[in-house]
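# Secondary and tertiary structure notes
Each chain is listed here by its residues.
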There are 2 protein chains.
Amino acid sequence: MDNLELIREIARPSPTKIVLLVIDGLGGLPNPETGKTELETASIPNLDNLATKGICGLADPVAPGITPGSAPGHLAVFGYDPVSCNIGRGVLEAIGIDVELQPGNVAARGNFCTVDEKGLVTDRRAGRISNEKCAELCELLDGMTIDDIQVLVYPVREHRFVAVFRGKDLDANVTESDPQQTGVAPLAITALSPEADRLAGVANQFIAQAKSRLAEHHPANMALLRGFSGQPSLPTMNEIYRLKPLAIAIYPMYRGLARLVGMEIAQTGTTLEDEFATLEQNYAGYDFFFLHVKWTDSAGEDGDFDRKVKVLEQIDAALPNLLRLDPDVLVVTGDHSTPAVLKGHSWHPVPVLLCSEYCRPDAVQDFSETAFLSGGLGRIQATQIMPLAMANAMKLNKFGA
Amino acid sequence: MDNLELIREIARPSPTKIVLLVIDGLGGLPNPETGKTELETASIPNLDNLATKGICGLADPVAPGITPGSAPGHLAVFGYDPVSCNIGRGVLEAIGIDVELQPGNVAARGNFCTVDEKGLVTDRRAGRISNEKCAELCELLDGMTIDDIQVLVYPVREHRFVAVFRGKDLDANVTESDPQQTGVAPLAITALSPEADRLAGVANQFIAQAKSRLAEHHPANMALLRGFSGQPSLPTMNEIYRLKPLAIAIYPMYRGLARLVGMEIAQTGTTLEDEFATLEQNYAGYDFFFLHVKWTDSAGEDGDFDRKVKVLEQIDAALPNLLRLDPDVLVVTGDHSTPAVLKGHSWHPVPVLLCSEYCRPDAVQDFSETAFLSGGLGRIQATQIMPLAMANAMKLNKFGA
């Protein structure tokens, strides 16, 4: 029995409320000039105060040494094993542009590309056509019905698009048409298992149609597909935890990940203050809130240490809006670390703070990677955060007698 | 290979002795008035001295966030995976009244109840009849033989009893007859798999017989059965660890759990001093001793912070009786936390102390939840306690060459 099955057996609804604040890319590394991480540099009195009252630790989203993408990072924090629940590239690309997928749908990442008169690929990115051109070409391809399968085509940006295949009996276990190099022809898509024959056939017909419709649109005179993946059918958070969860996120990727696990999605604005206001407006109607803050990660990805520090300070300054609601359980963590010095996601464990009346506080008084090393949570798997939040919210029955 | 299989391969007998002192519900939470837990409040110089000499840490009986019952809590401390070895309710109820089960037996929890002239349940507890009446009615039902299956009926208290089914080819995978509500008839017991057909038939016949024998005993004019479960067949501690283990426990539940893993059960008295005396008397004859102290848990369950503190101080005062024996390895831990402020078992990790000549002592000097956070054992699974005790007793061979 895995952990989620166990939780599903003992979860019980209750009126208590859990707020999960995910600060994207929260953890960092020391600035070589000062020896202090972003969190250690920032002036964050409200977070420090929470660390003093709560129980702290560090979480591995996947495993020590493994750098997670946004999807595994979030799935782990939601309690789902990020390895067995890995989400395909096509589905992630669809989620990232707010395309709502239905069970059984298959999504693929698409590129407009350039082929010569022999049909050999000369530019896999079609000279990076404009977003406008991409949208125009997607309209050309959108809405075909092939063999009772509907193919929907959505622009992403430049040469990138998403193709969604809707219909019965689709299995995503097919090869890619993108040869990943120039000077060769696009590959025929083939089924890797008998169940995937149908999709392979439809996808090849779609590409043939695309070739003819794009013929006059040089440099974007052909399309390549890769990353075919099915909408995963994960048990919802309501099924597992018996929660009524709401997601508050400004960026589509995070709304999409929340939708995958059955959260309702709140309409919100474009600022941190908007997100906290949305939380307050919806506070009565739900018992679990996932609130996502993006800009720490963006600053880390840009390698902008000082901006990441500033974003942390902004979050800290806005925090009283959340604390006023006095949730029964407040968790502050990240989906992964994004140290500015690495300009990207990293494998370093992520700070986790949990505050509740029954959390058994530790002696930690600073919200930082180093201080959390001696926290009462110790070093945990990120998948254990939800069971701990549920327990502290008194939403789990005893296991066994 | 799971951990037990590995241990089984490398365990070796030796003359050294291990004492495992389980202080039930050991861990706690701070008293809101003082900010100190029960352990931090109690004056426990002997335990503090052990913490100074030994190696300390915190253990999760099942997993972070999971509150264990007594059975999973103890099985984990004995080294058995508490999820895959989960014990059914009927078996636990039998164990709790010192009924000895044999492999293949099935036990069920029973209620005497009241039914009206239409056979609908009007009181699931038969007005909570006296213990004496319960015993008298159990005699009426005890000892039937149905289809070569013997049915033994034991009083628990008030309306509660245990039914044990003895015979061949019994599979406990059947539904319950208790409808869990009034105004409806008891349910027919049905098999949930073909192997369980035999038990379902016998159980229904037993209930029909019970109905007729109880007809004149209003309000206890019917019986309900639930929690059918088989005697689990766990490898014994002797098979795994090559130990000769003795259990010293005042309450039947804990003797029963020890019996499930093949421990011998000592006759003992009713006080802590009796238990320590029993340990001393039997010290030469065994190499592993499980000594169970109940009253910390009872005080915690009653929400009596001060009484739990006092029990801890009593245990500490009696401890020299144990220390005089100078066991090669002494482990002091609990089966779960029972914080007085929660009036029940909880999910909080449990303090573990291990003392031996070779334990690699840490810097911890107080026996408490907070002090143990920086202990040398770190945060471990409770199933790892036994391998550590075995290693410190020099009872494990090297793994691999």
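Residues numbered from 1 in each chain as written. Chains lettered and ligands numbered in written order. Predicted model: local features only at pLDDT ≥ 70, side-chain atom pairs only at ≥ 80, totals over all residues. Heavy atoms only, no water.

### Thoughts on the confidence of the model for chain A
Note the threshold: Confidence of the predictor in every single residue is expressed as pLDDT, which spans 0 to 100.
In this model, chain A carries an average pLDDT of 95, and 100% of its residues clear a pLDDT of 70 or more. We note a pTM of 0.90 for the whole complex and an ipTM of 0.88 for its interfaces.

### Concerning empty space enclosed by the protein
How we decide: In the cavity and pocket records, a cavity denotes points on a 1 Å grid over the protein atoms alone where a 1.4 Å probe fits but cannot get out, a pocket denotes an open set with protein on both sides within 12 Å along at least 5 of 7 lines, and lining residues are residues with an atom within 4 Å of a point. Grid points are joined across faces, edges and corners, and a volume is the space filled by probe spheres set on the points. Every helix listed is a DSSP run of H or I at least four residues long, and every strand listed is a run of E at least two residues long, numbered separately from the N terminus. Basically, the charged four are Asp, Glu, Lys and Arg, the nonpolar ten are Ala, Val, Leu, Ile, Met, Phe, Trp, Tyr, Cys and Pro, and anything else, Gly included, counts as polar.
Evaluation of the coordinates by the stated rule reveals one cavity of 30 Å³ or more. Looking at the lining of the largest cavity, the elements with two or more residues in it are helix 15 (385-392) of chain A together with helix 14 (369-372) of chain B. In terms of residue class, the lining of the largest cavity is made up of ten nonpolar, four polar and four charged.

### Considering the interface of chain A and chain B
Our working rule: In what follows, residue pairs with any heavy atoms lying within 4.5 Å of each other are defined as contacts. The term buried area refers to how much accessible surface (probe radius 1.4 Å) is lost by two components on association, counted for both of them together. Note on definitions: salt bridges are taken to be side-chain nitrogens of Lys or Arg within 4 Å of carboxyl oxygens of Asp or Glu. Polar contacts, as used here, are pairs of N or O atoms within 3.5 Å; protein pairs need one atom able to donate a hydrogen and one able to accept it. Residues neighboring in sequence count only if both atoms are side-chain atoms.
Chain A puts 26 residues into the contact, and the matching count from chain B is 30 residues. Across the interface of chain A and chain B, roughly 2200 Å² is buried in total on both sides, 67% from carbon and sulfur atoms. On the chain A side of the interface with chain B, the three residues burying the most area are R360, F399 and A401 of chain A, jointly 38% of the side's total. Counting across the chain A and chain B interface gives zero salt bridges. Between chain A and chain B we count eight residue pairs in polar contact (both at pLDDT 80 or more) in total. Within the side of chain A that touches chain B, the residues separate by chemical class into 15 nonpolar, eight polar and three charged.

### Some words on the sheet that holds strand 14 (residues 378-381) of chain A
Backbone-to-backbone hydrogen bonds join strands into a sheet, with any given pair of strands oriented parallel or antiparallel. All names here are of chain A. Formally: Strands are treated as partners if at least two bridges between them are detected by DSSP. All axes are obtained by fitting lines to C-alpha atoms, using only the stretch in contact for helices, and the reported angles, taken between N-to-C directions, cover 0 to 180 degrees.
A sheet is described by the order of its strands in space; here eight strands give the open sequence 10-9-11-1-12-13-2-14, paired in mixed fashion. The open sheet is flanked by strand 10 (264-265) and strand 14, the only strands paired with a single partner. Across five bridges, strand 2 (residues 55-60) lies against strand 13 (residues 350-355) in antiparallel orientation. Bridge pairing links L58 to P351 in strand 13. Relative to the sheet, helix 3 (residues 45-53) contacts strand 2, strand 12 (329-333) and strand 13, its axis offset from that of strand 13 by approximately 65°. Packed on one face of the sheet, helix 4 (residues 70-77) meets strand 1 (18-23), strand 11 (288-293) and strand 12 and runs near 155° to strand 1.

### Quick word on the nonpolar core
Definition in use: To qualify as a nonpolar core, a set must consist of buried Ala, Val, Leu, Ile, Met, Phe, Trp, Tyr and Cys residues joined through side-chain atoms within 4.5 Å. Exposed residues in this analysis have more than 50% of their type's maximum accessible area, buried residues have under 20%, and partly exposed residues fall in between, with area computed by a 1.4 Å probe over protein chains only.
Core analysis: the biggest nonpolar cluster contains 67 residues, and Y80, Y241, M263, F288 and F290 of chain A have the highest contact counts within it. With six residues, the top contributor of residues to this core is helix 15 of chain A. If sequence neighbours within four positions are ignored, Y80 of chain A has contacts with L4, L75, C85, L234, P235, T236, M237, I240, V261 and T383 of chain A. Counting 56 residues, the second largest nonpolar core, distinct from the first, contains A247, C359, I385 and A389 of chain B.

### Things to note about the packing of aromatic side chains
Put simply, the rule reads: Pairing of aromatic rings covers Phe, Tyr and Trp, the last through its six-membered ring, and needs centres within 6.5 Å; plane angles under 30 degrees mean stacked, over 60 mean edge-to-face, and all others mean tilted. The rule is short: NZ of Lys or CZ of Arg within 6 Å of the ring centre and within 35 degrees of the ring normal puts a charge over the ring.
A full pass over the atoms with the stated rule returns 14 aromatic pairs over all chains. Between F165 of chain B and F228 of chain B, the aromatic rings sit 6.0 Å apart at their centres with planes inclined by 40°, giving tilted as the arrangement. You can see F165 of chain B sitting in strand 7 (residues 160-166) and its partner F228 of chain B sitting in strand 8 (residues 222-230), a full 63 residues away along the chain. Seen from their ring centres, Y283 of chain B and F289 of chain B are 5.2 Å apart, and the 15° between their planes marks the pair as stacked. Its relative accessible area of 0% is what places F289 of chain B among the buried residues. Ring pairs connect the aromatic residues F165, F206 and F228 of chain A, which therefore count as one cluster. Taking NZ or CZ as reference, K17 of chain A lies 5.2 Å from the ring centre of Y283 of chain A, over its face. The ring of Y286 of chain A carries K244 of chain A above its face, with NZ or CZ at 4.8 Å from the centroid.

### Comments concerning the relation of the copies chain A and chain B
As a reminder of what qualifies: Superposition of the copies used a least-squares fit over C-alpha atoms from residues whose pLDDT is at least 70 in both.
The two copies are related by a screw motion: chain A maps onto chain B through a turn of 122° and a shift of 0.3 Å along the axis, at an RMSD of 0.2 Å. Seen this way, the second copy is the image of the first under a three-fold rotation axis. No C-alpha of chain A approaches the rotation axis more nearly than that of S374 of chain A, which lies at 3.9 Å.

### A look at the packing of helix 5 (residues 89-96) of chain A against helix 9 (residues 252-260) of chain A
Residue and element names in this part refer to chain A. Put simply, the rule is: Angle categories: roughly parallel below 35 degrees, roughly antiparallel above 145, roughly perpendicular from 65 to 115, and oblique for all the rest.
Between helix 5 and helix 9, the shortest axis-to-axis distance is 7 Å and the interhelical angle comes to 120°. With respect to helix 9, the axis of helix 5 lies oblique. Contacts between helix 5 and helix 9 pair L92, I95 and G96 from the former with P252, M253, G256, L257 and L260 from the latter.

### Comments concerning the sheet that holds strand 14 (residues 378-381) of chain B
Residues and elements named next belong to chain B. Read across the sheet, eight strands follow the order 10-9-11-1-12-13-2-14 without closing on themselves; strand pairing throughout is mixed. In this open sheet, the two strands that pair with only one neighbour each are strand 10 (264-265) and strand 14. Two elements, strand 9 (residues 245-248) and strand 11 (residues 288-293), share four bridges in a ladder whose sense is parallel. Paired with A247 across the strands is F290, a residue of strand 11. Its contacts with the sheet put helix 3 (residues 45-53) on strand 2 (55-60), strand 12 (329-333) and strand 13 (350-356), and the angle it makes with strand 13 is roughly 65°.

### Structural notes on the pattern of salt bridges
Side chains that differ in sign of charge can pair as their charged atoms come close. The full count for this structure, using the stated rule, is 29 salt bridges over all chains. Its salt-bridge partner being R307 of chain A, residue D304 of chain A comes within 3.6 Å of it at the nearest N-O pair. A salt bridge links E93 of chain B to R160 of chain B; the shortest N-O distance between them is 2.8 Å. Here E93 of chain B, found in helix 5 (residues 89-96), pairs with R160 of chain B, found in strand 7; they are 67 residues apart in sequence, far enough to count as distant. You can call E93 of chain B buried: its relative accessible area is 11%. Linked through salt bridges whose partners overlap, the residues forming this network are E93, R109 and R160 of chain A.

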